[in-house]
Amino acid sequence: MKPTLLQPALLLLILSTVGAGASGQSARVTQVRVAQVSGAVWMAHAGQATASLKPNDRVRAGDEITTLSGSAALLRLSDGSTVEVFPASRVVFQDASHSVWKNFLEVVIGTVKIHVEKLSGRPNPKSVTTPTAIIAVRGTIFDVRVDQEATTQVGVEEGLVSVASFNLSMPGQQPEVMLQPGYQTTVERGQPPSQP
């Protein structure tokens with residue numbers, strides 16, 4: 001594929017991906033690297049045995065990251081965005097069939113802080129899912145917390161975030177709230193997001 005046929009944002013992603021070749025397929029191979037690890041952090045891929053996570057390890061689509069009590073990890077995406085995984089948390093990076101611009105992360109349980117970088121000053125559309133919520137971002141800093149009952153809390157530090165209930169029985173009908181800096185919402189299973 002000729003670079004002139006690619007959208008500017010995709011071209012930027014391809015050029016910024018470490019070790020990526022000229023094709024879009026190569027750009028999808030490595031999207032995430034481990035920047036820092038503190039304590040015991042484990043990674044599993046497609047149900048295989050877990051391995052201890054170390055700085056500079058690559059995280060591929062489908063990889064599940066688990067932090068134990070007292071441990072944490074900082075992961076850096078190829079576009080400069082970061083995901084900080086706090087103690088006692090479990091997250092899954094989405095499989096290769098998902099677009100890197102859409103659902104890139106599922107927070108299964110625990111707490112994460114996500115900083116989505118803008119691309120050349122323009123929005124960088126990404127979304128994060130939990131068992132009860134879909135969180136759409138456009139370049140911002142926000143926290144996501146999921147408890148044992150799958151209740152999701154989302155708080156915004158910078159930028160704007162859209163939060164909707166994750167309810168497959170009502171596709172396209174999920175109520176949505178917009179969060180500005182300093183606001184948060186809670187999403188319980190089968191319920192719409194609370195007012196910010």
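The following paragraphs examine the structure supplied in this document. (Residues numbered from 1 in each chain as written. Predicted model: local features only at pLDDT ≥ 70, side-chain atom pairs only at ≥ 80, totals over all residues. Heavy atoms only, no water.)

Re the overall build of the chain
Stage number 1. In terms of helices and strands, the chain carries two helices and 16 strands.
Stage number 2. With 196 residues in all, the chain has 40% of them scored as buried.
Stage number 3. Restricting the contact set of the chain to residue pairs at least 6 apart, pairs at least 24 apart contribute 45%.
Stage number 4. Accessible surface for the chain amounts to roughly 10300 Å². Of this, 53% is attributable to carbon and sulfur atoms. (Helix = DSSP H or I, 4+ residues; strand = E, 2+ residues; numbered from the N terminus. Buried < 20%, exposed > 50% of the residue type's maximum accessible area, 1.4 Å probe, protein only. Contact = heavy atoms within 4.5 Å. Areas by Shrake-Rupley, 256 points an atom, 1.4 Å probe, with all protein chains shown as cover.)

Observations regarding the pairing of strand β7 (residues 82-85)
Stage number 1. Pairing of strand β6 (residues 72-77) with β7, which is carried by four bridges, proceeds in the antiparallel orientation. Bridge pairing in β7 places Leu75 opposite Val83.
Stage number 2. Examined bridge by bridge, β7 and strand β9 (residues 103-115) share four bridges and lie antiparallel to one another. Bridging from a neighbouring strand, Val83 pairs with Ile114 of β9. (Pairing = 2+ DSSP bridges.)

Here we look at the nonpolar core
Looking at soluble globular proteins, one finds that nonpolar side chains tend to be buried together.
Stage number 1. One finds Leu75 and Phe142 to be the most contacted residues of the largest nonpolar core, which totals 34 residues.
Stage number 2. No other element matches β9, which puts five residues into this core. (Core = buried A, V, L, I, M, F, W, Y, C linked by side-chain atoms within 4.5 Å.)

Here's the deal with the pattern of salt bridges
Stage number 1. Evaluation of the coordinates by the stated rule reveals five salt bridges.
Stage number 2. Salt-bridge contacts for Lys126 lead to Asp79; the nearest nitrogen and oxygen are separated by 3.3 Å. In this pair, Lys126 sits in strand β10 (residues 126-129) while Asp79 sits in the loop between β6 and β7, placing the two residues 47 residues apart along the sequence. Asp79 shares its class with Lys126; the two are buried.
Stage number 3. Two residues, Lys113 and Glu157, come together in a salt bridge whose shortest N-O distance is 2.5 Å. Taken together, the residues Lys113 in strand β9 and Glu157 in strand β13 (residues 152-158) connect sequence positions 44 residues apart.
Stage number 4. By relative accessible area, Glu157 is classed as partly exposed at 45%.
Stage number 5. Overlapping salt bridges, with partners in common, bring together Lys113, Asp143 and Glu157 in one network. (Salt bridge = Lys/Arg side-chain N within 4 Å of Asp/Glu carboxyl O.)

What to know about unusual backbone geometry
Stage number 1. Non-glycine residue Ala88 carries a positive phi angle of around 55°.
Stage number 2. Positive phi outside glycine occurs at Ala150, with the angle close to 70°.

Digging into the environment of Thr186
Stage number 1. Looking at the secondary structure, you find Thr186 in strand β16 (residues 184-187).
Stage number 2. By relative accessible area, Thr186 is classed as partly exposed at 22%.
Stage number 3. Note: C-alpha distance between Thr186 and Gln153 (33 residues apart in sequence) is 4.5 Å.
Stage number 4. Once residues within four sequence positions are removed from consideration, Thr186 is found in contact with Thr151, Thr152, Gln153, Pro192, Pro193 and Ser194.

So, the packing of aromatic side chains
Stage number 1. One pass over the full model with this rule turns up zero aromatic pairs.
Stage number 2. Lys126 extends its terminal NZ or CZ atom over the ring of Phe104, reaching a point 5.3 Å from the ring centre. (Phe/Tyr/Trp six-rings, centres within 6.5 Å; stacked < 30°, edge-to-face > 60°. Lys NZ or Arg CZ within 6 Å of the ring centre and 35° of its normal.)

Description of the side chain of Thr151
Stage number 1. Counting through the fold element by element, Thr151 comes out in the loop between β12 (141-146) and β13.
Stage number 2. Among all residues touching Thr151, those that are not within four sequence positions of it are Thr132, Arg145, Val146, Thr186, Val187 and Glu188.

Quick word on the environment of Pro181
Stage number 1. Its place among the elements puts Pro181 in the loop between β15 (176-179) and β16.
Stage number 2. Accessibility expressed as a relative area gives 44% for Pro181, which makes it partly exposed.
Stage number 3. Distance in space between the C-alpha atoms of Pro181 and Glu157 is 4.9 Å, their sequence separation being 24 residues.
Stage number 4. Residues in contact with Pro181, not counting those within four places in the same chain, are Val156, Glu157, Glu158 and Gly159.

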